[in-house]
Each structure stands twice: as structure tokens, then as C-alpha cells.
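Close look at the chain arrangement
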Amino acid sequence: MNVSSTPLAHARLKPLPLDAIHITDGFWKQWQRVNFEKAIPHGYRMLEKSGTLNNMRLAAEHRAGIAHDANEFRGYVFQDSDLYKWLEAASLAQHDYNKLETGDWRLDPSLVSSLQSLISNLYSAQFPDGYLNSYFTFVKPNQQWTDLEWAHELYCAGHLIEAGIARKRATGDTDLFDIVKKFADCIDETFGEGKRAGLCGHPEIELALVELYRETNDARYLKLAQYFIDQRGRNTFQGLRHIGALYMQDHVPVRDAQTVAGHAVRQLYLCAGIADLYLETGERALLDALTRQWDDMTRGKMYLTGGVGAREYGEMFGDAYELPTKEAYCETCAAIASMMWNWRMLLATNEVRYADLFERVMYNGFLSGIALDGEHFFYENPLRSDGNVKREEWFACACCPPNVMRTLALIGNFCATTNEAGVQIHQYMNVVLKTETGDWRLETGYPSDGNVRVICESDMECELSLRIPRWSTHNALRVNGTVVELETRDGHANIKRTWRAGDVVELELDMTPRFIQSHPYVDATRGCVAIERGPLVYCIEQVDQSADVNDLRVNADAELRAVWDATVCGGVMILEAEGTVFDAREWDGKLYRETRNEKKDLPRATIRAIPYYAWNNRRADKMRVWIPMK
């Protein structure tokens, strides 16, 4: 999940380093507070409760000569990866995101001590050659690298590498990074041309190795990342039952890929790794393949929330337009993987469509994955529920919660980039930006409010680029109070001038609520509409309605009304729509009947919708995103 600040050889945009962006207030400040004060401490407790932390303690003791029975191991073979993602989140939390402010939070001192103890266990569990994996230390000793298809050794290693890099960048400490580098050297000595052949059944190591190359400038890691990517597509793996190698994206070489297919998280982690490889090598065939796959995903395999993965079986992409609502899988990790991929595509191309999709996923498919209390989570994110879905405090396969934690910890750094022309603002949030040319401050009530103020805090000459979201049709722009013509280039409003400290740019985005329809080929939503406002997808929850949500019919020709309600889910903009209530009693228990042309005056109803990310925070209840039309 790392955001590199080193020059990317073939990027059109440059990310800002960790210290350069500080969230100061507003929507994302509150979410970071929840993450740092609630979610991350909760994660540590759950890692302890699940046995994940103890697995590594046992591995360290086993390495010290204290024998342990294999049955003492708890969880899945890839259990270490949950620990590593949490380590990344906790390391980022140690970094002072808001050093310009006073009275801000820091990670609980007891957790800092626990983190140090955890790293000490990792050091003790590591083999002299650098190998590190709790499962293969005392459950299946001497069987390392024997099950690359399913054992996730390289996947776990990738997450450990990401954690070590994040800790080094966030705190300056190299304790974990030294462990990581030693393990990466072990992998490099094991795999590659003229060495052991192989690749991981679950992509992740690829993007981690590229990031390690950026951190060390050691080309061995970039070469190894390319090796693993080049190995894919040779049908090495048997894959999942009748799905075959497609499940693991091993059915076609990456440069020949036309579609996204198979396990959704695997596919998008692989795409992120390939994008990283392109950013360093500039190989056009890689970017062309990624562009084809992105088009395939967004034109027929993606939900309105930005979620992906239609099928529960195999956590997989379905066919084009196969997008059921109640059965939608939409794993939270897949949403995060999509953000990772879109961020890299944005850096590679500076095309606004990637920032637009990043935003859609960030506010909807991703943010629904964590409860407002920071201590309950969704693994799956359906678009309809009959009330039998509830958030859990943790999962047996707990990949999603710590993934959410590390993403929230880094969320501000996806706000802006720079290049030789100037500064680009991609996501609107309350931040202070420190760039090589000067400093900026953003102030906004986004996503509830479409007004954005960008305040220049240094004298400089450069171009300021502001993303104009595709959903915003009527916009206004002022500089120092004077209205200027809003000319967009490639989806951005660009203002080039000599800036003086105190200059203010004001952007007004169109937050008019809107009805959305899906492609007619999507059977599950035919005859229905959804509701959006700004970047937010809305849903209707039973608790807010006067009738059963499944009996409501919305009038898509009527105007939607936006009303702020501070009492709902910590304060949200409620949308009200006109509708009617269908009377199912006239069917009298029948499942089918002849069509009738008679028109009846149905009881009217006011339909109240809340942001999708906020559902299931009051009680487990019926919910739907797509509402039948009147």
C-alpha cells in the first residue's frame, strides 16, 4: 500500500512523500482518528485472540530450541499476512500526520511497546538465510517453497516487505526493514533465471519487490519482480477445481491478457504489480494490457460502488454484466486492490478516469468495509440485504480488517501529486500540502459539500490542476474572489500563474442528487434506479422507511431532496425521494399470474436514503441500493 516518493522512471505524475501531506480536519480526519484510536488497537487484540501473534511467538521459540507441536498453530497457512498488514498500519500510525497541530493523537504507548516486541519475535523467528514464515517453521519444517500454488509463502513475504518499507518511511527505524531485506535476499537467491522456477499462487510479492527496489535502488529486486510476472500465464498451476489456472491468472501471459478474470483480489494485486513494473521499465505492452483489462472491468464487471467480484464461489469475477445485488461478493480487499491499481494507473497516465474510479471505490466499496465504531467489519459488501447480514469484529480469514487499517492510515497521501508543470489535486479533503515549489492548504466540507478552497501559502510560479469529477456537470471557479472561465483539459481545471501567499482558489462542484440506471444487460437491476450525490452512492435501509424496502417504488422523475441529519450515523446528508408502496397482498400467495394492464393509485411514501458506506451501523436490517421504479 506504500506511496513511494522516489522518482518513477516512466510516471507522468510524482507521489508526494509521507511527510508532505497532513490531514487537518473534516471527513477523513475523523476516519483517521477512528482508525488510530479504535481500529488499530482493536486489531492487535483480535490478532492476539485469534492466535496470530502467538504463532510467531511459537515460531521464535521453536527457532530457539523450544519444541512445539504443530497442532498449536492456529489459523490458515497465510495467517502471518494479517500480522504484517497490521504492522504496516501501526507503523504508519506512529508517524505524526499532523505535526502542525497540537493535541493530536499518537499510537497508544502500550501498543508501541507491543509492536517492538512483535518485531523482536520476527527477528528471533527468522532463519539465518533470511527465510521467515511461522507455519513452515514448526508446522511443516523443511517443506519451504514446496506448495507455491496454495501456501502463500511469497504472498506473506510481500506483505512483510511492505510493512518494513512503511515502518522505515514513517518512523526512520530500520529494525523491521533489516528483517525484510534479509528475507528478500533469501527469495532472490532462491528464485529466478538459473535458479528454482516458480511463482506465487496469490500475487503480492511483485508489487512489494518493486517498492523495495525503489527504497534501496537495488536492481535485483526489480529484476525478480519482473521474473515472477513473466512466469505467469504458463498454466503452471492446476487452480481451483473446474476453474483451472484462470483462478490464479495463470492461464494467459500478462502481456496478452484481454480481461480481468478469476479471483478478484489476486487479479487486481497482480495488475498493481504489473503497473509498478511499467512505471519503472516503460514497457508499453504492459500498459496496453492493463488498459484493456481496466476497460473490461469497468464496462461490464464492476458494481456501482466500485466493488468487484460477483461470485462468492472462488471470490471471483463473473461474466460481463453478471452483477447480482444480494449475492454480490465485493470483497473489501478487492476494493483496496482496485484503489492500489487505479493509483498506479493515474501516476502512469495522468488520466482523470483513474482518479474518478479511485474516488468511487474509496467512498463506497472500500469505506463500507469498516463500521463507524472502527471495531466491526464487512468481508463482503452486497448491494442488497434481507437483514441477515451483520458486521463482524474479526474473521477466521481476517485479510480485510488490517487491510482497511493500513489503507486508512495512508489515505491522505492519495490526495495530490506533482510534476514539472506543478501540482495536481485528485481527491478533495482537508489537508496541508508541502511540495518542492511551495505549500498549499485545502479546506472543504467534502463529500457532503462541493465547495473546495485551495489556499496558496508560498510565493511560486506553477500550474495548479484540479480534478473535475465526471459526475459534476455544473461547476464554478474563482481566483481571489473573481470568477474565471473554467476551462478543462483532460478532466482537470488548470490554472497557471505566479502565485502569492494568500491567493485563494474556490471550486464549486455540482452536488445535485441524481438517479442512476444500469446497462440493460444487467438483469439484476433492470427496471431499477440507484441514487448518488457527489461521490457517494446511496442506499435505503429499513429503519428509515415507513414500509418494507422491498415494497417501495421510486418516482425517478421527481426531484431528490438533500437534508442534513446530525442524528443518523454520526451526521450524514439524507436524500429524500417520492415513491409509492406496492401492495403484495393482491398476489394472494401466487408466484405467477397473467399480466394485468390495470393501473391503481398506490399509497405514497417518502423514501429516505443514506450513504451506502454507513449502512448496517444501527442494526442488521434490510437494505437495497437499486430501487424498483414506480
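Residues numbered from 1 in each chain as written. Predicted model: local features only at pLDDT ≥ 70, side-chain atom pairs only at ≥ 80, totals over all residues. Heavy atoms only, no water.

Concerning the overall build of the protein
Selection criterion: Runs of E in the DSSP output that reach at least two residues are strands. Runs of H or I that reach at least four are helices, and both are numbered from the N terminus. Burial status follows relative accessibility: with a 1.4 Å probe on protein chains alone, a residue under 20% of its type maximum counts as buried, one over 50% as exposed, and anything between as partly exposed. Whether two residues touch is decided by their heavy atoms; if any such pair falls within 4.5 Å, the residues are in contact. Here the Shrake-Rupley method, with its probe set to 1.4 Å, supplies the accessible areas, and only the displayed protein chains count as covering residues.
Of the regular secondary structure elements, the protein holds 14 helices and 23 strands. In terms of overall dimensions, the protein has a C-alpha envelope of 80 × 70 × 50 Å along the principal axes. With 630 residues in all, the protein has 62% of them scored as buried. Sequence separation of at least 24 residues holds for 71% of the intrachain contacts in the protein that already meet a minimum separation of 6. Counting only carbon and sulfur atoms, one obtains 46% of the accessible surface of the protein, whose full area is about 24000 Å².

With respect to the packing of helix α12 (residues 332–349) against helix α14 (residues 400–409)
Here is the rule we go by: In this description, a line fitted to the C-alpha atoms serves as the axis of each element, helices being fitted only across the stretch in contact, and the angle between N-to-C directions of two axes falls anywhere from 0 to 180 degrees. Crossing handedness is read from the near helix: turned anticlockwise from the far helix by less than a right angle, it gives a left-handed crossing, and turned clockwise, a right-handed one. Three classes are used, and their members are as follows: Ala, Val, Leu, Ile, Met, Phe, Trp, Tyr, Cys and Pro are nonpolar, Asp, Glu, Lys and Arg are charged, and the others, Gly among them, are polar.
Running from amino to carboxyl end, α12 crosses α14 at an angle of 35°, the nearest separation of the two axes being 9 Å. Helix-helix and strand crossings are classified by hand; for α12 and α14 the assignment is left-handed. Only C400, N403, V404, R406 and T407 of α14 make contact with α12, whose side of the interface consists of T332, C333, I336, M339 and M340. A per-class count over the contact of α12 with α14 returns six nonpolar, three polar and one charged.

Some details on the sheet that holds strand β9 (residues 460–467)
Note the threshold: A pair of strands is labelled paired if DSSP reports no fewer than 2 bridges between them.
With mixed pairing, six strands are arranged side by side in an open sheet as β1-β4-β5-β9-β13-β12. In the strand order of this sheet, the two ends are held by β1 (14–15) and β12 (488–489), each with one partner. Inspection of the sheet shows β9 paired to strand β13 (residues 492–499) by eight bridges, in the antiparallel sense. Among the inter-strand pairings, R467 is bridged to a residue of β13, identified as H492.

What to know about the packing of helix α7 (residues 175–190) against helix α9 (residues 219–231)
Note the following rule: Angles are sorted into four bins: roughly parallel if under 35 degrees, roughly antiparallel if over 145, roughly perpendicular if 65 to 115, and oblique for all others.
Running from N to C, α7 and α9 cross one another at 55°; their axes reach a closest spacing of 11 Å. For the element pair α7 / α9, the angle class is oblique. Once α7 is placed against α9, the crossing between them reads as left-handed. Across the interface between the two elements, K181, A184, D185, I187 and D188 from α7 touch R220, Y221, L224 and F228 from α9. Taken together, the residues of the contact of α7 with α9 break down into five nonpolar, no polar and four charged.

Some details on the sheet that holds strand β7 (residues 439–444)
Taken in spatial order, the seven strands line up as β2-β6-β7-β8-β14-β10-β11 in an open sheet, and their pairing is antiparallel. Looking at strand neighbours, the two that pair on one side only are β2 (21–25) and β11 (482–484), the edges of this open sheet. When the angles between neighbouring strand axes are averaged without regard to direction, this sheet yields 20°. Here β7 pairs with strand β8 (residues 451–456) via five bridges, running antiparallel. By the bridge assignment, L442 is partnered in β8 with V454.

Describing the side chain of Q231
Condition: Under the rule applied, a polar contact is a pair of N or O atoms within 3.5 Å (in protein, one hydrogen donor and one hydrogen acceptor; residues adjacent in sequence only if both atoms are side-chain atoms).
Within the fold, Q231 resides in helix α9. Overall, the relative accessible area of 10% leaves Q231 in the buried class. A polar atom in the side chain of Q231 sits 3.4 Å from the side chain of R234. Not counting residues within four places of it along the chain, the set of residues in contact with Q231 comprises E193, G198, L199 and D250.

Structural notes on the packing of aromatic side chains
Note the following rule: Working definition: a ring pair exists when centres of Phe, Tyr or Trp rings (six-membered ring for Trp) sit within 6.5 Å. Plane angles under 30 degrees give stacked, over 60 give edge-to-face, the rest tilted. Ring-over charges, as used throughout, are those where CZ of Arg or NZ of Lys falls within 6 Å of the ring centre and within 35 degrees of the ring normal.
By the definition in use, this model includes 29 aromatic pairs. Relative to F395, the ring of Y379 has its centre 5.6 Å away and its plane inclined at 70°; by these criteria the two rings are edge-to-face. Placement of Y379 in the loop between α13 (352–366) and β3 (384–386) and of F395 in the loop between β3 and α14 is noted, with a sequence separation of 16 residues between them. When its relative accessible area of 10% is taken as the criterion, Y379 is described as buried. Taken together, F127, Y131, W145, F183, F191, Y227 and F228 form an aromatic cluster joined through their ring pairs. The aromatic ring of F378 is capped on one face by R391, whose charged end is 4.1 Å from the ring centroid. The ring of W587 carries the charged tip of R593 above its face, separated from the ring centre by 4.3 Å.

Some points on unusual backbone geometry
Of note, the bond from Y446 into P447 is cis; its omega dihedral lies within 30 degrees of zero at 10°. With respect to the element layout, P447 can be found in the loop between β7 and β8. If you check the backbone angles, Q249 has positive phi at about 55° while not being a glycine. In this fold, Q249 is placed in the loop between α9 and α10 (264–281).

What to know about α14
In an α-helix, one turn spans 3.6 residues; hence positions three or four apart end up facing the same way. Among the ten residues of α14, ten are classified as buried, and the element is accordingly described as predominantly covered. When α14 is considered as a whole, its buried residues turn out to be C400, P401, P402, N403, V404, M405, R406, T407, L408 and A409. Where α14 is buried, its residues meet α1 (26–49), α3 (80–94), α6 (153–171), α10, α12 and α13.

Section: the environment of H426
Along the chain, H426 falls in the loop between β5 (422–425) and β6 (430–434). With 40 residues separating them along the chain, H426 and L466 place their C-alpha atoms 6.7 Å apart. Not counting chain neighbours up to four residues away, the residues in contact with H426 comprise L13, L346, N350, A355, F414, C415, A416, T417, R467 and H492.

Structural measurements only, silent on function.
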